[in-house]
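What follows is the residue order along each chain.
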Amino acid sequence: MELFRGFGAEKTRFTAVSLFRLCMTDVLSKMTDRFLYLDADVLCLNDLSIFLDIEFDEKIVAAVPDLAKDRLEEWGIKNSTYFNSGVLLISCNTWEKENITEQLFSFRDRLDNKIKYPDQDILNRVLNGKVKYLDKRFNFFGFYGTTLQTDYIIYHFIGREKPWNIAVRDIEKKWRYYLSLTPWPCIEYELPSRVPSNYFYFKNASFYYYKNKRILEALKCYFWYSWLKMLHSFI
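Undergrad: Help me out: how do you make sense of the nonpolar core in this one?
TA: Proteins that are soluble and globular tend to have nonpolar side chains buried together. Counting 23 residues, the largest nonpolar core has Trp95, Leu104, Leu123 and Leu127 as the members making the most contacts within it. Elements with a contribution of two residues or more to this core: strand E1 (34-38), strand E3 (61-63), strand E4 (87-91), helix H2 (92-97), helix H3 (100-105) and helix H4 (118-126). Those residues within four positions of Trp95 in sequence are excluded, and the remaining contacts are Arg21, Leu22, Thr25, Ile60, Val61, Ile90, Ile100, Thr101, Leu104, Leu123 and Leu127.

Undergrad: Mind showing me how you'd approach the pattern of salt bridges here?
TA: Pairing is possible between side chains of opposite charge, provided their charged atoms come close. Taken as a whole, this structure holds eight salt bridges when the rule is applied. Across the pair Glu98 and Lys130 runs a salt bridge, and its minimum N-O distance is 3.1 Å. Within this pair, whereas Glu98 is found in the loop between H2 and H3, its partner Lys130 is found in the loop between H4 and strand E5 (131-133), the two being separated by 32 residues in sequence. Of the charged contacts, one joins Lys173 and Glu190 as a salt bridge, the two residues approaching to 3.7 Å between their closest N and O atoms. In this pair, Lys173 is assigned in helix H5 (residues 170-180) and Glu190 in the loop between H5 and helix H6 (199-211), connecting sequence segments 17 residues apart. Judged by its relative accessible area of 35%, Lys173 falls in the partly exposed class. If you follow the salt bridges from partner to partner, you end up with Arg21, Asp39 and Asp119 in one network.

Undergrad: I'm lost on the sheet that holds strand E2 (residues 42-44) in this one. Help?
TA: The three strands lie next to each other as E2-E7-E6, forming an open sheet whose pairing is mixed. Among the strands making up the open sheet, the edge pair consists of E2 and strand E6 (140-142). Along the sheet, successive strands turn relative to each other by an average axial angle of 30°, direction set aside. Pairing of E2 with strand E7 (residues 154-157), which is carried by three bridges, proceeds in the antiparallel orientation. Of the residues in E7, the one forming a bridge with Val42 is His156. Docked against the sheet, H5 engages E2 and E7, running at close to 80° with respect to E2.

Undergrad: Looking at this model, I keep getting lost on the packing of H6 against helix H7 (residues 215-234). Mind explaining?
TA: Think of two packed helices as two axes; the pair is described by the angle between the axes and how far apart they sit. Relative orientation of the contacting elements H6 and H7 amounts to 160°, with a least axis distance of 8 Å. Compared by their axis directions, H6 and H7 come out roughly antiparallel. Crossing angle aside, the handedness with which H6 passes H7 is left-handed. Where H6 abuts H7, its residues Tyr199, Phe202, Lys203, Ala205, Ser206, Tyr209 and Tyr210 lie against Ile215, Glu217, Ala218, Cys221, Tyr222, Trp224, Tyr225, Leu228, Lys229 and His232.

Undergrad: Just to check I follow, could you spell out the sheet that holds E5 for this structure?
TA: Whether parallel or antiparallel, the strands of a sheet pair through hydrogen bonds between backbone atoms. Strand order in the open sheet formed by four strands is E1-E4-E3-E5, with mixed pairing between adjacent strands. Where the open sheet ends on each side, the last strands, each with one partner, are E1 and E5. Strand-to-strand twist across the sheet, computed as the mean angle between neighbouring axes with direction ignored, equals 20°. Pairing between E3 and E5: three bridges, direction parallel. Counted as the bridge partner of Val61 is Val131 from E5.

What counts and how
- Residues numbered from 1 in each chain as written.
- Predicted model: local features only at pLDDT ≥ 70, side-chain atom pairs only at ≥ 80, totals over all residues.
- Heavy atoms only, no water.
- Core = buried A, V, L, I, M, F, W, Y, C linked by side-chain atoms within 4.5 Å.
- Buried < 20%, exposed > 50% of the residue type's maximum accessible area, 1.4 Å probe, protein only.
- Helix = DSSP H or I, 4+ residues; strand = E, 2+ residues; numbered from the N terminus.
- Contact = heavy atoms within 4.5 Å.
- Salt bridge = Lys/Arg side-chain N within 4 Å of Asp/Glu carboxyl O.
- Pairing = 2+ DSSP bridges.
- Axes fitted to C-alpha atoms, helices over the stretch in contact; angles between N-to-C directions.
- Parallel < 35°, antiparallel > 145°, perpendicular 65-115°, else oblique.
- Left-handed = near helix turned anticlockwise from the far one by under 90°.

Take a look at the structure:
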């Protein structure tokens, strides 16, 4: 883990594990000419073989534009598009040819306070102009209130509401189902523990239950949201 110190991950809500993708090509280039990187908070809804048909067109990665469109402007990079690093199709050959790993690690120990998303910010800075942008169906940003379409390939649980913390929606329960097929332990509870730091989960659950006419459950969750948020304000 010493290799990943100095990127500023400890100053954000992310961990150094998120930086592993910066050097995966060094290992995988010995096995394949391309690979698909997926975050843990995604759910595959349709056949992934469609990624095999994507042409890089001399670009290094293929990715979906992110919602945080202003990130590049903070570093003076204009007329470009900030991409999301949760789903990345990577060309190993071009990555290696242009020494991308070395360029990424050159930022270690010299990052400024503008870093908000450690791996994603650095990837966007180094790969600026070298990205093929994909349609949102390849990495759909899902949160409470979004509507799914049948042609979406990957659903991405963005924000703080992760399926390992809360599972009241069908999409979250589907993620839990696939988890149950893996060697990792199953997660049985639908709602998270009632501790102050989890107050926002209960707010979203309340809105979801109310929208689906489960009024009693909605009221219970809103009560816990209000109580836990009040406690959180005193911490």
